[in-house]
Each structure stands twice: as C-alpha cells, then as structure tokens.
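What follows is each chain in one-letter form.
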Amino acid sequence: MDPVISPDSKRIYVVDALRGFAVMAIMLVHFLEHFIYNSYPVASSPVMEAANQQFKDAFFFLFAGKSYTIFALLFGFTFAIQYRNQARKGRDFAGRFVWRMCLLVVFACLNAMFFPGGDVLLTFAIAGLLLVPCRRLKTFTLVILSLFFLAQPLEWVYAAAQWMNPGWAPPSLSVAESYASLKTAVDTGNFWVMARENLTVGQWASLAWGIEAGRLMQAPGLFLLGFVLGRQDFFLQNDGNAVFWTRGLLFSLAGTVAFYVVMSLPGLSAPLHTVFNMWHNVCFTGIWVAGFVLLYRLEYFRKVTVPLLTYGRMSLTNYVSQSMIGSLIFFPYALGLAPYCGYLASFAIGCVAMIGQIWFCRWWLERHRYGVLEGLWHRATWMGAGKEPKPETR
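Calculation notes
Residues numbered from 1 in each chain as written. Predicted model: local features only at pLDDT ≥ 70, side-chain atom pairs only at ≥ 80, totals over all residues. Heavy atoms only, no water. Helix = DSSP H or I, 4+ residues; strand = E, 2+ residues; numbered from the N terminus. Rg over C-alpha atoms; globule rule 2.2 N^0.38 Å. Buried < 20%, exposed > 50% of the residue type's maximum accessible area, 1.4 Å probe, protein only. 1 Å grid on protein atoms, 1.4 Å probe; cavity = no way out; pocket = protein on both sides within 12 Å on 5 of 7 lines; lining within 4 Å. Points joined across faces, edges and corners; volume = space filled by probe spheres on them. Nonpolar A, V, L, I, M, F, W, Y, C, P; charged D, E, K, R; others polar. Phe/Tyr/Trp six-rings, centres within 6.5 Å; stacked < 30°, edge-to-face > 60°. Lys NZ or Arg CZ within 6 Å of the ring centre and 35° of its normal. Salt bridge = Lys/Arg side-chain N within 4 Å of Asp/Glu carboxyl O. Core = buried A, V, L, I, M, F, W, Y, C linked by side-chain atoms within 4.5 Å. Contact = heavy atoms within 4.5 Å. Axes fitted to C-alpha atoms, helices over the stretch in contact; angles between N-to-C directions. Parallel < 35°, antiparallel > 145°, perpendicular 65-115°, else oblique. Left-handed = near helix turned anticlockwise from the far one by under 90°.

### Points about the overall build of the protein
Counting its secondary structure elements, the protein contains 18 helices and zero strands. Relative to the compact-globule value of 21 Å for 394 residues, the protein shows a C-alpha radius of gyration of 21 Å, a close match. Considered along the principal axes of its C-alpha atoms, the protein spans approximately 55 × 55 × 45 Å. Of all 394 residues assigned to the protein, the portion counted as buried reaches 53%.

Structure, rendered in structure tokens:
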C-alpha cells in the first residue's frame, strides 16, 4: 500500500487514519463519561475505586481535549482540499460549503438527541462559516488569524477585567443548571422527553460550555490552521514535510510541558487557567499529530493502523452512531447500565462497540463509495449541481 495516496481515489491515507484515531479517542472518552450522564456505581473496594479513578485520569490526560482538536484540525484540512478541487474546475466552493454547514446542523441535531449537552457538530457548523470569508486570504494572514483565535482573546479580556476589578466575575451562562436539567430528563427513562430536552436545553448547554471552556474561540483557530496545512500539502509524505513535522513535534513537546507547569500554578485566575489549559491541549495535539504523521512513514505502523483507514473515512457516521450506541447502553430509556459500570468497565464496553464499528465500516465500504451519513451529506451538498463530483481527497 502506498503510504501517501491511494491510486484510485487519491485519498491521503495518513489523514484518514489520523481522523479515525481522533474519532476512536473521542468515542472512548465519551464512554468513560457515560455521554455526560453522571451515574456510576459505588466501588466495591478502595483499591478498585483508586484503580478506576487513576485509569480515568490518565486516559483523560492523554485524550480529553486533544482528540477533539485533531478532529477540528482535519475539518479545516478537508475544506482546503474541497475548495482547491472545485477551484481547479473553475468553481467557487463557498456557497456549497455554507449549504454543507446547514446540513451539518441537521446531523448535529440527530446526534444531540442521544447525547445530552455534548454535541460538538453544532459548534463546527457555526465556527466553520468563518472559513468562507477567509478562503482567499494569503497563508501568512491565515496563520495570524489562527493564532489570534488560539490565543483565547475573550479569556484575556476577562482576565484584564478581573485584574482591574478583583470582585468582577465573567457572566454566567448557567451551564451547570442546564446539565442538571438534562440529567433529570434522562432519568425519566422516556426517550422523547430526553430528546426534546437535548435538542433545546442540550444544544444551548453545548454552545455555552464551549464559550466557557474556550472552545468557541479555539475551534476557528484550529479550522484555519488545518486549512493552512491542507493548502500547503503538509500531509503529503516527503522528506521536506518530515522535517516540518519533526520540528513541530519538538516545539509541541516543549509547549506541552511549559503550559502544563504554568496552568498548575496556584492562585491562577479562572480565565488565565482556561487560556493555558487550551494552549496545553493544542500543544499536546501537536505531539499526537506530528508523531502520527512521522510514524506513518514506517511500513509496520501503516499495517497496524489499517483499521483506522475505513474508520476515518466514515468519521461522521461513527461519531453519530457512537452516541446512539452509548445512550442505548447507559441511559434508563434502554438498558440503563450506567449505575453498574465504572470507568474500567465502561472503557471495555466502548472497545467492544468500537470493534463492531470497525467491522461495519469495512463491510459497508466494500459495497459503497461513501459511508452512511457521508453519502447523504455528499449527495445533499451537491443537490441541483448536475453531475455528481468525483470523490475528493480528504
């Protein structure tokens, strides 16, 4: 297998595998936290309680807030490839992309029905619109804009306000109250009550939490950075790009350590803690991405990660279906296993569900060009455009 692109569809394999890795990590994080349904059993012993908590802390340290950022980075990359492919045909992809984001809102609502207050697709659909006015900007300008958003300007404004007036507090968006309302709806065991609450209170809670946690600023920064990486072909594997990713790995490693130390300092205000936590996550993401791209040059690593290829090609299907699967397993309207599953048991269940998804992806893509939701998204995107475009590099 050519490590760069496939001969038939011109897909960049490393991007498919990296996207698959990100979605798998997101899925397992969601299984550990019971899809934001805070219901866990009492540990049978202090030893088991400690083991569960240490496992959860370690897994979250490695992947929580990092797998999402990989997903967001590749979102911008995909836009770069789609825009360039259409530009070569003399078309401006902007209008279709706006329509594509409207369709993503529909998928976000489908996912939100099963995931109380945890849907990120709505944030992607809103923040992704920034790519349209930025599509023709010079690469240097895109980098500056990306750094502006990643710098978390809103949190710096909050920090400055607190410095001038120590009694001042950032405006509350009632996220905790929203999550309490969502849990009450899930506890009813009525799917329709839960779905209605998820689609109203839940979607607001997702956006509000994104603002408070810094993600609403981080997401467009990552999209623009991914756009630059796609425009400059940094995911194609050659010696020049290997040097780029090696330098990126070293800088990311240094930043990860530095920002972790700073955000752990006592007495740090909440806005500044959010800033340094977000910077830490972005740098940690750099380690994952750069390390993955560099390892993908090795034949053994490519063979080991083959299952990630089909999983990444069906990332939207897998992202939405994992919410459906998780809610069926953990929530009271179905099996209701959340009160009986600690972190270790939840992780094991998540691994089994993931293996099932991998098998389904392979089976489906042997028979179809696109994934289930990917096919619907593609056809709806180009509805009314005449001849359906050929598959694009992702």
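### What about the layout of surface pockets?
With a probe scaled to a water molecule rolled over the atoms, the places where space remains empty come into view. Considered as a void within the structure, the largest pocket measures approximately 960 Å³ in volume. Sorting the residues of the lining of the largest pocket by element identifies α1 (13-32), α2 (46-63), α3 (67-88), α9 (175-187), α10 (191-213), α12 (239-263) and α13 (270-295) as the ones contributing at least two each. The dominant element in the lining of the largest pocket, judged by the number of residues it contributes, is α2, at five residues. Its residues assigned to classes, the lining of the largest pocket shows 22 nonpolar, twelve polar and seven charged. Computed from the structure, the second largest pocket encloses a volume of approximately 780 Å³. Lining the second largest pocket are 25 residues, and of these Leu147, Leu150, Leu225, Ser252 and Val282 lie nearest its centre. Elements supplying a minimum of two residues to the lining of the second largest pocket: α7 (139-150), α11 (215-231), α12 and α13. The class makeup of the residues in the lining of the second largest pocket is 19 nonpolar, five polar and one charged.

### A short note on the packing of aromatic side chains
Under the definition given, this model contains 51 aromatic pairs. Measuring from centroid to centroid gives 5.1 Å for Phe31 and Phe35, while their planes differ by 70°, and the two rings are edge-to-face. Note on Phe35: relative accessible area 0%, which makes it buried. Ring centres of Phe61 and Tyr260 lie 5.7 Å apart, and the angle between their planes is 85°; this geometry places the pair in the edge-to-face category. With Phe61 in helix α2 and Tyr260 in helix α12, the pair connects residues that are 199 residues apart, well separated along the chain. The exposure class of Tyr260 is partly exposed, given its relative accessible area of 39%. By the ring-pair criterion, three or more aromatic residues cluster together here, those being Phe21, Phe55, Phe59, Phe61, Phe63, Tyr260, Phe284, Trp288, Phe292, Tyr296, Phe301 and Phe347. In this structure, Lys56 is placed above the aromatic ring of Phe60, and the distance from its NZ or CZ to the ring centre is 4.8 Å.

### A closer look at the pattern of salt bridges
Here the idea is simple: oppositely charged side chains can pair when their charged atoms come close. Summed over all chains, the structure comprises nine salt bridges. The partner of Asp92 in a salt bridge is Arg136, with the nearest N and O atoms 3.0 Å apart. Here Arg136 lies in the loop between α6 (131-134) and α7 and Asp92 lies in the loop between α3 and α4 (94-112), a separation of 44 residues in the sequence. Among the residues examined, Asp92 registers a relative accessible area of 36% and is labelled partly exposed. You can call Arg136 exposed: its relative accessible area is 59%. Where Arg362 meets Glu366, a salt bridge forms, and the shortest distance between an N and an O atom there is 3.7 Å. Judged by its relative accessible area of 56%, Arg362 is exposed. Residue Glu366 is classed as exposed on the basis of its relative accessible area, which comes to 57%. One salt-bridge network, held together by shared partners, links Asp92, Arg135 and Arg136.

### What about the nonpolar core?
Formed by 104 residues in total, the largest nonpolar core has its most connected members in Phe124, Phe235, Trp245 and Phe292. A total of 16 residues in this core trace back to one element, the largest contributor, which is α1. Non-local contacts of Phe292, meaning those with residues more than four positions away in its chain, are made with Val14, Ala17, Leu18, Phe21, Ile287, Phe301, Thr305 and Leu308.

### Focus on the packing of α4 against helix α18 (residues 372-381)
Running from N to C, α4 and α18 cross one another at 140°; their axes reach a closest spacing of 9 Å. For the element pair α4 / α18, the angle class is oblique. Where α4 crosses over α18, the two elements pack in a sense that is right-handed. Judged by residue contacts, Arg96, Trp99, Arg100, Met101, Leu103, Leu104 and Phe107 of α4 engage Leu373, Leu376, Trp377, Ala380 and Thr381 from α18. Tallied by class, residues from the contact of α4 with α18 come to nine nonpolar, one polar and two charged.

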